[in-house]
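Summary of the model geometry
The lines below spell out each chain.
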2 protein chains.
Amino acid sequence: MTRSTARLRVHNLSMSLDGYVAGPNQDADHPVGTGGHALHEWIFKTAYGQAMIGGSGGDTGRDDEFLRRGDEGVGATIMGRNMFGPIRGPWDSVPDEWRGWWGETPPYHHPVFVLTHHPRKPLEMAGGTTFHFVDGDLAAVLTQAFEAAAGADVRLGGGAATVRQYLRAGLVDDLHIALVPVLLGGGERLLDGITGYETTDLVSSPSVAHLRLVRSA
Amino acid sequence: MTRSTARLRVHNLSMSLDGYVAGPNQDADHPVGTGGHALHEWIFKTAYGQAMIGGSGGDTGRDDEFLRRGDEGVGATIMGRNMFGPIRGPWDSVPDEWRGWWGETPPYHHPVFVLTHHPRKPLEMAGGTTFHFVDGDLAAVLTQAFEAAAGADVRLGGGAATVRQYLRAGLVDDLHIALVPVLLGGGERLLDGITGYETTDLVSSPSVAHLRLVRSA
């Protein structure tokens, strides 16, 4: 267990000026809700964001740096089940085995812990990614992830509800919020009832204010 | 009526990262609520903020520039009654005549329109400030203020509820939010249900992200 030096990190979590991480009227066909796409446009304007989707070009600079940083020094990822796929309930209701959104070679290249109340056997993918489907309390899953990361950090990949749960439990060491200066007028809030964190860095590009928060001393 | 060029402006409205303009547990003795003082600390670190309270020193730079800008080109102010004083209900319940928080020479030096359901006669102070106590709809009071400003802009001085009402009515031309990167965990929200504005400028100092919003085209 290497908890003393390794950290649980959240990166590039886009939030609107009015506090939403997704717009109103979210459903399976509109995962970011009405207007929510505006939260993620900054990503695809960067060089790293373009590379992620197989494009080229894009801006370097501050936004690009923050985006890249999210993938550095990470040895394991934790994500909510909705980040892995659209399937609810027991996995055996799925006709063919769902293997995630990312094709045969997911961009993780390390162990990924998918929170679910329906554990199933691990799914080994090309490129070093193995999905582990775990049903446990947040701290127990975090312990598993730290062990798998073997001294590197663990990244908390989302979604917003999962991040909120880990924040409420005081288990997040490093939270990077990308504040996008749009008003969505409604939707899913990130920071409701979250306290006990303080901002250590605030910088902005013309399109995003980047904030880094850590637990208050 | 000079509405076509003059603007209704809001400046230096401090909001927490979680969207609050005052902390929880607001009352007469705690007008900014629990933790809410953290929203205003940046003001008193600036040279202009220090000068406002009769101090000296303080930082110049971005925060100072934004603070100063709020007083430039303003010919009249509108404020909610709570900004003028702690008195509720009819004024004649007040033993001695309340003359505002600012002493005999308020820092406005122009006509100030105080929204109240209990009109009373204007109060002329030293230094060019006259308080007008007006009971009318938001647009009607704004028309009065533009006339009094005689071509200069009108500043909407607060409080938050008054700003929210003018935002909802689509009457604000220029909104400067000073986003302070603290979590208050509860309190009075500024932007609930506000849409129809877009950010034209985003810059930050290490302690405040400054956003300027205008009505969407």
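Look above for the structure.
This text gives an overview of the structure that appears in the document.

Reading guide: rules and limits
Residues numbered from 1 in each chain as written. Chains lettered and ligands numbered in written order. Predicted model: local features only at pLDDT ≥ 70, side-chain atom pairs only at ≥ 80, totals over all residues. Helix = DSSP H or I, 4+ residues; strand = E, 2+ residues; numbered from the N terminus. Rg over C-alpha atoms; globule rule 2.2 N^0.38 Å. Buried ≥ 20, exposed ≤ 12 C-beta atoms within 10 Å, placed from the backbone. Pairing = 2+ DSSP bridges. Contact = placed C-beta atoms within 7 Å. Axes fitted to C-alpha atoms, helices over the stretch in contact; angles between N-to-C directions. Nonpolar A, V, L, I, M, F, W, Y, C, P; charged D, E, K, R; others polar.

1. Considering the overall build of chain A
Of the regular secondary structure elements, chain A holds 6 helices and 11 strands. Taking 217 residues into account, the globule formula puts the C-alpha radius of gyration at 17 Å, and chain A, at 17 Å, falls close to it. Principal-axis analysis of the C-alpha atoms gives chain A an extent of 45 × 40 × 35 Å. Considering chain A as a whole, with its 217 residues, one finds that 41% of them fall into the buried category.

2. As for the sheet that holds strand β11 (residues 209-215) of chain B
Within a beta sheet, neighbouring strands are joined by backbone hydrogen bonds and run either parallel or antiparallel to one another. Residues and elements named next belong to chain B. Strand order across the open sheet formed by 9 strands is β5-β6-β4-β3-β7-β1-β8-β11-β10, with mixed pairing between neighbours. In the strand order of this sheet, the two ends are held by β5 (123-124) and β10 (197-204), each with one partner. Alignment of β5 against strand β6 (residues 130-134), held across 2 bridges, turns out to be antiparallel. When the bridges of β6 are listed, E124 appears paired with T130. The strands touched by helix α3 (residues 62-69) are β1 (8-16), β8 (174-180), β10 and β11; relative to β1, the strand with the most contacts, the crossing angle is about 140°. Across the sheet, helix α5 (residues 138-149) lies against β1, β3 (74-80), β4 (111-115), β6 and β7 (153-156), angled at about 155° from β3, the strand it touches most.

3. Brief notes about the interface of chain B and chain A
Contacts between chain B and chain A engage 21 residues on the former and 21 residues on the latter. Secondary-structure elements contributing two or more residues to the side of chain B that touches chain A are β10 and β11 of chain B. When residues of the side of chain B that touches chain A are assigned to their parent elements, the largest contribution, 5 residues, is made by β10(B). Residue composition of the side of chain B that touches chain A, grouped by class: 13 nonpolar, 7 polar and 1 charged.

4. Quick word on the pairing of strand β1 (residues 8-16) of chain A
All names here are of chain A. Within β1, 9 of the 9 residues are buried, which leaves it mostly tucked inside the rest of the structure. Two elements, β1 and strand β8 (residues 174-180), share 6 bridges in a ladder whose sense is parallel. Its bridge partner lying in β8, M15 is registered against L179.

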